[in-house]
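Residues per chain are reported as follows:
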Amino acid sequence: MIVLASIASFGVVAKSGDGNVSDEAIAEQRSELAENTAGEGFGPQSPRDIDSHEGRNTLSFNPAPEYTQMNLCNIHFHKNAEHKGGEFTKYAGNGDGHGYQSGFQYAGKLSAAELAPVKGEICSSKHGDVKAGDTIEVHYVHTTAQVEPGATLGSCFNDANKNPQLRVETQVYVVVNDNTALDFEKLNEHEKKDGVHQAINMPNNTGKPIQYAGSTTGPGYNEEGSPFQVTWSVRPKVAKVNIATVGEWCEGNDFDEDHAHGVRNLVVNKDLLSEIQQ
């Protein structure tokens, strides 16, 4: 979710022996999404396969300014990447049907040391915790509204601007047991720079971002369209981050984030995707 969208209440979905819902259950969710958006005027949706540039949704909106001209309003992360492409193409499985244990993972290899378990639980919730070797997708959400960084989508709006432009700078990380890997707390540091709030340490060496027109995400939109218009910039290469620092960030940050969020089903219906112009 770029946002902490409320999770829709789905019907009972049949699960296979490995705990994943069936392919038929995911297909049914996609069918519901198509039915609930057909002819309703929804704009292009997210997440998507960034390696595929096709799309037939013609509802257009002006791209948001560069993030350096906007205010950072929220940072949060999802366990497994919501987007597919680049170095994160390994399907995690259908998951529980509500956004957990699904999504995409780093397709490369990690060393035994990087995968070594750590003591205790990291960023734990009722849906599990973060472990060494996990893939996470971090959303650095930006807005044209004059706001301070804070929790949820609400931090991206204010009374003076209920319809700001939104941009999400997106970085996929692999969580490793390595104290020489990147520091998650440092990556998420922010300060006011040239008059706007900025995440000052986002990686700049993970490939040219794929920019496209989309929407907010999160499993609450598995069966219904998101009405929000978002400019996305998704970096195609992963970066490795020290699991200890991920845990430290979850213990206290300016965004009230303490766990990983679920993922929305990958949007594959071309009628709900924009054409990527790069």
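Definitions and cut-offs
Residues numbered from 1 in each chain as written. Predicted model: local features only at pLDDT ≥ 70, side-chain atom pairs only at ≥ 80, totals over all residues. Heavy atoms only, no water. Buried < 20%, exposed > 50% of the residue type's maximum accessible area, 1.4 Å probe, protein only. Helix = DSSP H or I, 4+ residues; strand = E, 2+ residues; numbered from the N terminus. Contact = heavy atoms within 4.5 Å. Pairing = 2+ DSSP bridges.

**Q** I'd like a rundown of helix H4 (residues 243–250), residues and numbers included.
**A** The buried count for H4 comes to six of eight residues, which makes it a mostly enclosed element. Those residues of H4 that sit buried are Ile243, Thr245, Val246, Gly247, Trp249 and Cys250. Contact partners of the buried residues in H4: strand E1 (71–79), strand E4 (122–125), strand E5 (128–130), strand E7 (166–176), helix H3 (184–187) and strand E12 (239–242).

**Q** Give me the lowdown on unusual backbone geometry, citing residues and values where you can.
**A** Cis geometry marks the peptide bond from Ser46 to Pro47, where omega comes out at 5 degrees. Within the secondary structure, Pro47 is located in the loop between helix H1 (23–37) and E1. For Thr152, which is not a glycine, the phi torsion comes out positive at approximately 65 degrees. Under the relative-accessibility criterion, Thr152 is labelled partly exposed at 31%.

**Q** Before we move on, can you summarise the pairing of E7 with the specific residues and values?
**A** Of all eleven residues in E7, eleven are buried; the element is thus mostly enclosed. Neither face of E7 is open: one carries Leu166, Val168, Thr170, Val172, Val174 and Val176, the other Arg167, Glu169, Gln171, Tyr173 and Val175, and all of them are buried. As defined by bridge partners, strand E6 (residues 135–143) adjoins E7 across nine bridges and the pair is classed as antiparallel. By the bridge assignment, His142 is partnered in E7 with Arg167. Sheet topology note: the E7/strand E11 (residues 230–234) ladder contains five bridges and is parallel. Following the sheet pairing, Glu169 is matched in E11 by Ser233. The pairing of E7 with E12 spans four bridges and is parallel.

The values reported here are purely geometric and, on their own, carry no functional implication.
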